[in-house]
Amino acid sequence: MQQISFLINTSINTLDHVKLLLKSLRENLYSKDHEILIFVDSDNEGTVDYLREQKKYFTDLKIITHKLKPCVGYSRNNNLMVELAKHDVCSYLQSDMVISKYYDKNILDELEENCILSATRIEPPLHGESETTITKDFGVDPNQFNWNEFIPFAELSKQDKMLEYFFAPFTFYKKTWLEVGGYDTLFRRSREDSDLLQRFKHKGVKIKQTFKANVYHFSCVSSRGKNWFDKNNQEVQKRVELQKIADGIEMRRFLQKWGNFNHGEEKLVKLDMDLVILEDRKLHPMFLVQLEPFFSRVWLRTQEERDALVSIFSNQHDPANELLGFSFEDWEYAKQFFRQTDFESIYRVGEPEDFNVKIEVDFSKAQGNQDPFLQNLTSMAKILGVSQEPGIYELGAAKIEIRKVVIASDQYIKVDNPSFDMTLLTIE
């Protein structure tokens, strides 16, 4: 059998899930010789000590820890595990998953070159029904998981069915991941999967979800926290609400890259466009903040307006930092390892002399929220078209001057993350 590097990351309050995942790896893998990399991003339960005890049960179990306070983060630690993996095939598992019998054999049977392969998730009824998942309750607490019923159910659920969809758990050739640069560290709490999928689509990578391999997934433990579904737990629900705020910030980052949102249903294209605000009356800053992601640059009338808008984003990392446990000092040091949005280059004063597409807008002449310009913000690439002739056009309150149509999102297909200090890692 071709050997696999299994990639698992874990953090606080997940030891019981990790124990169950390791039990499933120990008992359900067809081959015992795979490499298993476990990145312990933060530890408050003695997870590292437990994993050291488990090394005797596995041929090649590696424990990765680090010296960065308080954590490396999901996007980066996944990238690091891929870089460290010794086998050509990598398979990512979340720590709150349980693999079914012969999971390794099942995924290798379906994996192709230049492909990202997702297995199917069996989940408790915490979300609505979906064609991509199988809903069946074997427990929401790993200590009460119904192992004896799950194993035969998982076998009976395997079928010759394929979808074009992507989510964890997923398997891929290491070179396929590296060719797009892996996860974008710009995303700290969500949307990293949708961004990666968009880049795979642009690179022509085949997207597959197989129903011949499956896992049980406790659902959203890594993002929303343990027992996130408990509506009576105020502390848990506070974290859930904070995650919603973080999700909104991540969605904005996604729009800045791609100009629209989907989860791989089609390739997204964002054009290089300059937005010029013409009117004298002062617009509400948050209105301009909502417009900005759809453009490469926004030109304002005064330095005061520009400074006010840039300052809005000075705390954009606060929700993620609170969720991840970063102090101000921690983030001041760690942010060098993350891609950042340069808002000072986005917001400018005056008008552009050199541009590809310039859109001038006088909102005093707009037809409210029904203005055709506002209604079509997410469709600009389709409206203008990549082969649009140079010229001047009108769309509602906007005057559009085209010199050349340039696809801005092409620069993001391979992400260039900041380098990481590998001396911060310990591998045992």
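You'll find the structure just up there.
Residues numbered from 1 in each chain as written. Predicted model: local features only at pLDDT ≥ 70, side-chain atom pairs only at ≥ 80, totals over all residues. Heavy atoms only, no water.

**Q** Would you mind showing me how to read the pattern of salt bridges here?
**A** Oppositely charged side chains can form a pair if their charged atoms are brought close together. Under the definition given, this model contains 31 salt bridges. Linking Lys257 and Asp195 is a salt bridge whose minimum nitrogen-to-oxygen distance equals 2.7 Å. Highlighted residues: Lys257 in helix α9 (residues 234-258) and Asp195 in helix α7 (residues 192-203), separated in sequence by 62 residues. For Lys257, a relative accessible area of 2% translates into the label buried. For Glu332, the salt bridge goes to Lys335, with nearest N and O atoms at 3.2 Å. Shared partners join several salt bridges into a network, and the residues in it are Asp184, Asp195, Arg199, Lys257 and Arg339. (Salt bridge = Lys/Arg side-chain N within 4 Å of Asp/Glu carboxyl O. Helix = DSSP H or I, 4+ residues; strand = E, 2+ residues; numbered from the N terminus. Buried < 20%, exposed > 50% of the residue type's maximum accessible area, 1.4 Å probe, protein only.)

**Q** Sorry, what's going on with helix α1 (residues 15-28) here?
**A** Each α-helix turn comprises 3.6 residues. Residues three or four places apart therefore point the same way. Between its terminal C-alpha atoms α1 stretches 20 Å, which fits the 20 Å expected from 14 residues at 1.5 Å a residue. Considered for burial, the residues of α1 that qualify are Leu15, His17, Val18, Leu20, Leu21, Leu22, Ser24, Leu25 and Asn28. (Expected span 1.5 Å × (residues − 1).)

**Q** When you look at the sheet that holds strand β13 (residues 347-349) in this model, what are you seeing that I'm missing?
**A** To summarise the sheet geometry, strands pair through backbone hydrogen bonds and adopt either a parallel or an antiparallel arrangement. Strand order across the open sheet formed by 6 strands is β13-β12-β11-β14-β16-β15, with mixed pairing between neighbours. Where the open sheet ends on each side, the last strands, each with one partner, are β13 and β15 (391-395). Along the sheet, successive strands turn relative to each other by an average axial angle of 25 degrees, direction set aside. The pairing of strand β12 (residues 297-300) with β13 spans 3 bridges and is classified as parallel. Paired with Leu300 across the two strands is Val349, which belongs to β13. Contacting β12 and β13, helix α11 (residues 303-312) crosses the sheet at an angle of about 170 degrees to β13. (Pairing = 2+ DSSP bridges. Axes fitted to C-alpha atoms, helices over the stretch in contact; angles between N-to-C directions. Contact = heavy atoms within 4.5 Å.)

**Q** Teacher, can you tell me more about a nonpolar patch on the surface here?
**A** There is a patch of nonpolar side chains on the surface, built from Met1, Tyr30 and Tyr102 and spanning about 320 Å² of accessible area. Mapping Tyr102 onto the fold places it in the loop between β5 (97-99) and α4 (103-110). (Patch = residues over 30% accessible without salt bridge, like charges linked within 9 Å, V, L, I, M, F, W, Y side chains within 5 Å. Areas by Shrake-Rupley, 256 points an atom, 1.4 Å probe, with all protein chains shown as cover.)

**Q** Is there a simple way to think about the nonpolar core in this case?
**A** Looking at soluble globular proteins, one finds that nonpolar side chains tend to be buried together. Formed by 67 residues in total, the largest nonpolar core has its most connected members in Leu7, Leu25, Leu93, Tyr103 and Phe170. Apart from residues lying up to four places away in sequence, Leu93 is in contact with Phe6, Leu7, Ile8, Asn9, Leu21, Leu25, Ile99, Tyr103, Pro169 and Val215. By size, the runner-up hydrophobic cluster in this structure holds 35 residues, among which are Phe295, Val310, Ala381 and Leu395. (Core = buried A, V, L, I, M, F, W, Y, C linked by side-chain atoms within 4.5 Å.)

**Q** For this particular structure, what's the right way to read the side chain of Ser42?
**A** As for its placement among the helices and strands, Ser42 is situated in the loop between β2 (35-40) and α2 (47-54). Looking at Ser42, the relative accessible area reads 18%, which means it is buried. For Ser42, the residues in contact, after removing those within four places along its chain, are Thr10, Ser11, Ile12 and Pro70.

**Q** Teacher, can you tell me more about the packing of aromatic side chains here?
**A** Any two aromatic rings considered together are summarised by their centre-to-centre distance and by the angle between their planes. Applying the stated criterion across every chain yields a total of 29 aromatic pairs. Pairing Phe138 with Tyr216 gives two aromatic rings, centres 5.8 Å apart and planes at 80 degrees, and the pair type is edge-to-face. Pair noted here: Phe138 is in the loop between β7 (133-135) and α5 (147-157) and Tyr216 is in strand β10 (residues 206-217), with a separation of 78 residues, a long-range link. The exposure class of Tyr216 is buried, given its relative accessible area of 0%. Ring geometry for Trp331 against Phe338: centres 5.3 Å apart, planes inclined by 50 degrees, an arrangement best described as tilted. With respect to class, Trp331 is no different from Phe338; both count as buried. Taken together through their ring pairs, the aromatic side chains of Tyr74, Tyr92, Phe166, Phe170, Phe172, Trp177 and Tyr183 make up a single cluster. In this structure, Arg26 is placed above the aromatic ring of Tyr57, and the distance from its NZ or CZ to the ring centre is 5.3 Å. Here the guanidinium or amino end of Arg121 rests over the ring plane of Phe167, the centre of that ring lying 4.2 Å away. (Phe/Tyr/Trp six-rings, centres within 6.5 Å; stacked < 30°, edge-to-face > 60°. Lys NZ or Arg CZ within 6 Å of the ring centre and 35° of its normal.)

**Q** Which parts of the structure should I look at to understand the environment of Lys414?
**A** With respect to the helices, strands and loops of the structure, Lys414 is situated in the loop between β16 (398-402) and β17 (425-427). Taking the C-alpha atoms as reference points, Lys414 and Val236, 178 residues apart in sequence, are found 36 Å from one another. Other than its neighbours up to four places away in sequence, Lys414 contacts Leu178, Glu179, Val180 and Gly181.

**Q** Where do I start with unusual backbone geometry in this structure?
**A** One can expect most non-glycine residues to show negative phi and most peptide bonds to be in trans. Cis peptide bonds are those with omega within 30 degrees of zero, and the linkage from Lys69 to Pro70 qualifies with -15 degrees. For the bond from Ala168 to Pro169, the omega torsion is 5 degrees, close enough to zero to count as cis. Within the chain, Asn13 stands out as a residue other than glycine whose phi angle is a positive 60 degrees. Here Asn13 is to be found in the loop between β1 (4-10) and α1.

**Q** Could you clarify how one ought to interpret the side chain of Asp371 in this entry?
**A** Turning to its location among the elements, Asp371 is positioned in the loop between β14 (357-361) and α15 (372-375). On the accessibility criterion, Asp371 (0% relative accessible area) is buried. A polar contact is formed between the side chain of Asp371 and the backbone nitrogen of Ala397, at a distance of 3.1 Å. The residues contacting Asp371, other than those within four sequence positions of it, are Ala366, Leu395, Gly396 and Ala397. (Polar contact = N/O pair within 3.5 Å; in protein donor to acceptor, adjacent residues only side chain to side chain.)

**Q** Explanation requested: α4 in the structure shown.
**A** Burial runs high along α4: 6 of the 8 residues are buried. Three or more residues of α4 are buried, namely Tyr103, Asp104, Asn106, Ile107, Leu108 and Glu110.

**Q** Even after reading the chapter, I still don't get the environment of Pro352, so can you show me in this structure?
**A** Here Pro352 shows up in the loop between β13 and β14. Between the C-alpha atoms of Pro352 and Glu112, which are 240 residues apart in sequence, the distance is 47 Å.

**Q** Which parts of the structure should I look at to understand the environment of Phe294?
**A** Relative to the assigned elements, Phe294 resides in the loop between α10 (285-291) and β12. Taking the C-alpha atoms as reference points, Phe294 and Asn260, separated by 34 residues in sequence, lie 7.9 Å from one another. For Phe294, the residues in contact, after removing those within four places along its chain, are Leu255, Gly259, Lys270, Met273, Leu377 and Thr378.

On their own, these measurements won't tell you what the molecule is for.
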